[in-house]
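Fold and contact review
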Amino acid sequence: MIKDLRGVSYIIYSIIILFSASCSSGENPSSQKNTIDKSNYVVNGSQVHNRWKYFNHQPDNLYNHFAEKAFGFLEQRAEEIADISTLDGWKERQASVKEKLHKLVGPFPDKTPLNAQVLRTVQKDGYRIEYIVFESVPDFHITSAMFIPDGLEQKAPTILFVNGHTDIAFRDELYQQVIINLVKKGFVVYTYDPTGQGERLQYFDEGTGKSKIGGSVQEHFHVGNQAFILGGSFAKYVIWDGIRAIDFLVSREEVDATRLGVAGHSGGGTQTAYISAFDNRVQAAAPSNYITSHKRLIQSIGLQDAEQNFYQGILHGIDHGDLLAVRAPRPALVMATSRDFFSIQGARETVQEVSRIYQANDRSSDFGFVEDNDNHTYTRKNREALYAFFQKHLDNPGDASDMEVEFLTGTDLQVTKTGQISTDYDGKNVFDLIAEETAYQINVSKKISHHDTKSLQAIVETSKKISGYQEPESNLDPVYSGGRQHNGYTLENHFIKGVGDYVIPFLLYRPEKATGKAIIYLDPQRKTSSVATGGELEKLVMQGNMVLVPDMIGYGEMGLNNKLTNTLWYLTMSVGESLTGTWTSDLTRLTLFLKEHEQITEITGIAHKELSPVLLHAAAYDSSISTVILSEPYISYRSIVASEYYNHDFYLSAVPGAIKHYDLPDLAASLAPRKLMIIGPTEGAGGYLSSETTNSELAVVQNHYKKSDALENLRIVSGQQPDGHRLIQEWVR
């Protein structure tokens, strides 16, 4: 069985949300330093103090907020398909879906020489194995193996077998069972290591012999996030490898290019569906344990591996069924198991939907579905259905029973001398391809924008659309849930409704000697040193500032399970929005609260680290934020994409697709002539930037403040700043 396919990347979504706000304890600040009174904490409604049960019953509210958006797009898609009643109608939809898929995934690279090399050949009982390396793009090497039956007298039907999420790829015994059975039945079988698997680890550590990132799913997730920030899809690289593998196959004399099939399980099922949808040379396709529907996927385990999601795919009405229907009426077989983590209900519904286009073509017998009662695996029943399917549709009749095979081990499975392509070949990894794409997008963006006032205003408006920002409304309905008197100020607990079906709890420090100024303070860590007596917040409020400290949805008391954040981020990306857009919408609701309910006219925003982009977006959209202070922010979205080992805390506040249209320095430049201080900026991996690099990265900001005759309102302090809190207090004062 494939151990890596279970319990690693597919986790049932759960989020624990804590409602009500914390407050500092004690009547005497000097005797109660750095302590927190938890009497007002509410953990799933378990405390009797200040409990708000109504808001505690739905722990997945942020996830559900975006899920409902996805369901809206999917329902619109379902209605469009329900209205199709003719073959012409289906053909029209096929053309539309094909165009969408190419726009979402492409453009693909030019086809360049494969430079295929047969490194060695091993003879086995009844077949031989050729170990091959080729280049899907120049210097990007793919390790592969070709299984060729003995005694071929003419071109043979051929199966491209693509592998699921096991770190050893086709070397897994379950996959060998299928490959060797097929070759014993007279098929040529070609298989290769997917990116991040087998001998193609993209982040290989020679010291440990393992990936620096983690397993195959983690490698895909790591580079997939960068592709999404670019406004593309990691799927493009996966699909292109498959298309080039077919290019190699059709060049071989053993292969009958008119009898070509693709098969794969789990992640290999994903690749099977993708490659077959994009390459018309595939005569028969058989995805296993992948096909379901986005609706059932979102309702159950959520969107998974980066390769399994297209940038804004759901927004454009793409679902699993489209990958099958777009290639109809060419033969297809869907295999599933009833206890899979991929919803069997979704598989059944998708099969029912796709069967309609085969019926319209009078080719119902060319579309099959087989289901077995098991977990996430290739069962014997499904394997035998697979063999029979290819025997029928690739004209290679024979016994479809699943035979026992002798599994290959050791050197029989190794393609390269060292066991890793990166140590045998001085070529590119997938990050290099991303870096090339980044450079291209940056150059395009520079040509589009001249960074004058008019263009910056246009960039700000574009960023609203790209991020999914929603303008705040006046129906905030704030709720006061108690407070406590301290020396010199009152600490109050409040909440208001967020932009979704959730609330935003916040602390409100109300000074006894108010100046009419307010500060909104964002900290992803919500450190006790900030909240506690004697901390930074108390010092700010003792200067006469009202200080509002929210727990943005996903942080603090509204925190998410960190293991699940990529699932949520993929969901926001798929519907054409972002977490930052949501947080920005909520933040501008809080500024509206200060203006409407506290009559505050001057607001300062302070944000730390990965929440800095949220404040930057909010300030660009809301001129009532007159002063912006960013403490240890990452410098740009480009810096995440340009860092091979970027900080995973950062991508959540990145806006998918932003780099095609704008970046964070553009928003910072748009703030001129308002006050802006940036303390200790970092690059995408989290390291502090030198003054020289900072000045280069923020040149657009400095130039625009200079044009606005407002350089005195811009302060940039590079490097690590142990006294950053003092700098903040001085700037506020």
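Residues numbered from 1 in each chain as written. Predicted model: local features only at pLDDT ≥ 70, side-chain atom pairs only at ≥ 80, totals over all residues. Heavy atoms only, no water.

For the rest of this paragraph, the subject is the overall build of the chain. Of the regular secondary structure elements, the chain holds 23 helices and 24 strands. Counting all 733 residues of the chain, 62% fall into the buried class. Look at the contacts in the chain between residues 6 or more apart in sequence, and 76% of them connect residues 24 or more apart. Counting every atom, the chain has about 27,400 Å² of accessible surface; 48% of that belongs to carbon and sulfur. (Helix = DSSP H or I, 4+ residues; strand = E, 2+ residues; numbered from the N terminus. Buried < 20%, exposed > 50% of the residue type's maximum accessible area, 1.4 Å probe, protein only. Contact = heavy atoms within 4.5 Å. Areas by Shrake-Rupley, 256 points an atom, 1.4 Å probe, with all protein chains shown as cover.)

Each regular strand carries side chains that alternate between the two faces of the sheet. Here strand E14 (residues 332–337) runs beside strand E15 (residues 367–372); their pairing, made up of six bridges, is parallel. What sits directly across from leucine 333, in E15, is glycine 368. What joins E14 to E15 is helix H9 (residues 344–360), and the crossover it makes is right-handed. (Pairing = 2+ DSSP bridges. Right-handed = clockwise from strand over helix to strand, strands pointing away.)

Moving on, we come to the sheet that holds strand E16 (residues 479–486). Read across the sheet, nine strands follow the order E16-E17-E18-E20-E19-E21-E22-E23-E24 without closing on themselves; strand pairing throughout is mixed. The open sheet has two free edges, formed respectively by E16 and strand E24 (714–717), since each of these has just one partner strand. Strand-to-strand twist across the sheet, computed as the mean angle between neighbouring axes with direction ignored, equals 15 degrees. Sheet topology places strand E23 (residues 675–679) next to E24; four bridges connect them, and they run parallel. For leucine 676, the partnering residue across the bridge sits in E24 and is leucine 714. In the packing of helix H22 (residues 699–707) onto the sheet, contacts are made with E23 and E24, and the angle to E24 comes to roughly 155 degrees. (Axes fitted to C-alpha atoms, helices over the stretch in contact; angles between N-to-C directions.)

All right, on to the sheet that holds strand E12 (residues 255–265) then. If you walk across this open sheet you meet the nine strands as E5-E6-E7-E9-E8-E12-E13-E14-E15, and the pairing is mixed. One side of each edge strand has no neighbouring strand; the edge strands of this open sheet are strand E5 (117–124) and E15. Averaged over all adjacent pairs, the angle separating strand axes in this sheet is 20 degrees, with direction ignored. When E5 meets strand E6 (residues 127–137), the two strands line up antiparallel, connected through seven bridges. Following the sheet pairing, valine 122 is matched in E6 by isoleucine 129. Against the sheet, H9 makes contact with E14 and E15, and its axis sits at roughly 165 degrees relative to E15, the strand it touches most.

The next thing to look at is the confidence of the model for the chain. Model confidence for the chain is summarised by a mean pLDDT of 88, while 89% of its residues fall at 70 or above. Contacts from residues 1–49, a stretch scored under 50 in pLDDT, to residues over four places away or in other chains number 146 contacts. (pLDDT = per-residue confidence, 0-100.)

A few words now on H22. Buried residues of H22: Val700, Val701, His704 and Tyr705, and no others. Viewed along the axis of H22, the buried residues span an arc of 130 degrees, placing them on a single side of the element. For H22, the exposed residues lying more than 90 degrees away from the buried face are Lys706 and Lys707. Each element contacted by the buried residues of H22 is listed here: helix H13 (453–467), helix H20 (664–670), E23 and E24. In the segment just after H22, aspartate 709 is the residue with positive phi, at about 55 degrees. (Arc of directions from axis to C-beta.)

For any two helices packed against each other, the geometry comes down to the angle between their axes and how far apart the axes lie. Where helix H17 (residues 579–598) meets helix H18 (residues 612–621), the axes come as close as 9 Å, and the angle between the chain directions of the two elements is 55 degrees. If you check the angle between H17 and H18, you find them oblique. Here H17 runs over H18; the crossing is right-handed. Contacts from Thr580, Trp583, Thr584, Leu587 and Thr588 of H17 reach H18 at Pro613, Val614, Leu615, His617, Ala618 and Tyr621. (Parallel < 35°, antiparallel > 145°, perpendicular 65-115°, else oblique. Left-handed = near helix turned anticlockwise from the far one by under 90°.)

The tally for this structure, following the rule as stated, stands at 36 salt bridges. Across the pair arginine 93 and aspartate 322 runs a salt bridge whose closest N-O atoms are separated by 2.9 Å. A residue pair is termed long-range when its members are at least 10 positions apart, and arginine 93 in helix H2 (residues 87–105) and aspartate 322 in helix H8 (residues 320–325) qualify at 229 residues. For the pair arginine 93 and aspartate 322, a shared accessibility class is recorded, and that class is buried. Across the pair arginine 380 and glutamate 384 runs a salt bridge, and its minimum N-O distance is 3.2 Å. With a gap of four residues between them, arginine 380 and glutamate 384 both fall in helix H10 (residues 380–393), about one helical turn apart. Connected via shared salt-bridge partners are Arg77, Glu80, Arg93, Asp322 and Glu353. (Salt bridge = Lys/Arg side-chain N within 4 Å of Asp/Glu carboxyl O.)

Ranked by size, the top nonpolar core spans 140 residues in total, and within it Tyr637 and Leu676 carry the most contacts. For leucine 676, the contacting residues outside a window of four places in its chain are Val628, Leu630, Ala668, Leu671, Val701, Tyr705, Asn713, Leu714, Arg715 and Trp731. The next biggest cluster of nonpolar side chains, apart from the first, holds 38 residues, and it includes Val122, Ile180, Val183 and Leu408. (Core = buried A, V, L, I, M, F, W, Y, C linked by side-chain atoms within 4.5 Å.)

Right, let's talk about the packing of aromatic side chains for a bit. All chains considered together, the criterion is met by 23 aromatic pairs. For the ring pair tyrosine 127 and phenylalanine 147, a centre distance of 6.1 Å and an interplane angle of 35 degrees mean the geometry is tilted. With tyrosine 127 in strand E6 and phenylalanine 147 in strand E7 (residues 140–149), this pair connects stretches of sequence that are 20 residues apart. A single burial state applies to tyrosine 127 and to phenylalanine 147, both of which are buried. (Phe/Tyr/Trp six-rings, centres within 6.5 Å; stacked < 30°, edge-to-face > 60°.)

Let us look at the side chain of histidine 494. With respect to the helices and strands, histidine 494 occurs in strand E17 (residues 489–497). A distance of 2.7 Å separates a polar atom in the side chain of histidine 494 from a polar atom in the side chain of glutamate 492. (Polar contact = N/O pair within 3.5 Å; in protein donor to acceptor, adjacent residues only side chain to side chain.)

The topology assignment puts glutamate 307 in the loop between helix H7 (294–299) and H8. Along the chain, glutamate 307 and lysine 236 lie 71 residues apart, while their C-alpha atoms are 8.4 Å from each other. The residues contacting glutamate 307, other than those within four sequence positions of it, are His165, His220, Phe234, Ala235, Val238, Gly267, Thr270, Gln271 and Tyr274. Among the polar contacts made by the side chain of glutamate 307, one reaches the side chain of histidine 220 at a distance of 3.2 Å.

In this chain, alanine 328 is followed by proline 329 through a cis amide linkage whose omega measures 10 degrees. One can find proline 329 in the loop between H8 and E14. In this structure, proline 673 follows alanine 672 across a cis peptide bond, with omega equal to 10 degrees. Position of proline 673 among the secondary structure elements: in the loop between H20 and E23.

Side chains that are three or four residues apart share a direction in an α-helix, a result of its 3.6 residues per turn. For H9, built from 17 residues, the straight-helix expectation of 24 Å at 1.5 Å per residue is met to within 8% by its first-to-last C-alpha distance of 25 Å. Along H9, the residues classified as buried are Ile344, Gly346, Ala347, Thr350, Val351, Val354, Ser355, Ile357 and Tyr358. Along the axis of H9, the buried positions cluster into a sector of 165 degrees, meaning they face one direction only. Away from its buried face by more than 90 degrees, H9 exposes Gln352 and Gln359. Where H9 is buried, its residues touch H2, H7, H8, E14 and E15. N-cap assignment for H9: the residue whose side-chain oxygen lies 3.2 Å from the backbone N of glutamine 345 is serine 343. Immediately downstream of H9, the backbone of aspartate 362 shows phi near 55 degrees, a positive value. (Expected span 1.5 Å × (residues − 1).)

Next up on the list: the environment of glutamate 577. Position of glutamate 577 among the secondary structure elements: in the loop between helix H16 (565–574) and H17. A C-alpha to C-alpha distance of 9.7 Å links glutamate 577 and lysine 464, two positions 113 residues apart in sequence. Beyond its immediate sequence surroundings of up to four residues, glutamate 577 is in contact with Phe66, Lys69, Ile466, Ser467, Gly468, Thr572 and Pro656. Side chain to side chain, glutamate 577 and lysine 69 meet in a polar contact 3.2 Å long.

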